[in-house]
Amino acid sequence: MEATVRNANSKPALHRKVIDIKSDTFRGLSVIAASRGTNLKRFIESSLDELVESYDDAAVYRYLQQTDPDGMEMLSDEEQEAFEKKYGL
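Residues numbered from 1 in each chain as written. Predicted model: local features only at pLDDT ≥ 70, side-chain atom pairs only at ≥ 80, totals over all residues. Heavy atoms only, no water.

Novice: What is the right way to read the overall build of the chain from this model?
Specialist: Across its full length, the chain carries four helices and two strands. Each helix (α) and strand (β) of the chain, taken in turn from the N terminus, gives the series β-β-α-α-α-α. Here the chain, with 89 residues, has 6% of them falling under the buried criterion. Per element, the accessible surface of the chain, about 8400 Å² overall, is 54% carbon and sulfur. (Helix = DSSP H or I, 4+ residues; strand = E, 2+ residues; numbered from the N terminus. Buried < 20%, exposed > 50% of the residue type's maximum accessible area, 1.4 Å probe, protein only. Areas by Shrake-Rupley, 256 points an atom, 1.4 Å probe, with all protein chains shown as cover.)

Novice: Is there a simple way to think about the packing of aromatic side chains in this case?
Specialist: To describe a pair of aromatic rings, you give the distance between the ring centres and the angle between the ring planes. Enumeration over the complete set of coordinates arrives at one aromatic pair. Geometrically, the ring pair formed by F83 and Y87 is tilted, given 4.9 Å between the ring centres and 50 degrees between the ring planes. Pair noted here: F83 and Y87 are both in helix 4 (residues 77–87), with a separation of four residues, about one helical turn. Residue classification places F83 among the partly exposed residues on the basis of a relative accessible area of 24%. (Phe/Tyr/Trp six-rings, centres within 6.5 Å; stacked < 30°, edge-to-face > 60°.)

Listed below in structure tokens is the structure:
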């Protein structure tokens, strides 16, 4: 993956990723982008931004707890139950 880094006065760092898209998907996305008056690249970028913004933060947190517990201390069973009860997990 190639990263594009900009200076401090411009937009945040961007990451580039080459992806493979099926022909029918590419054609459909191109039509949607054109109907919205934008180009395909900008449409895909904004769609991905919207997807991430709408994703449930609690689900992300649960996933990170399960897959990347770096720096976290293990809780006793009682502490775990109290935490889950308090936050409805």
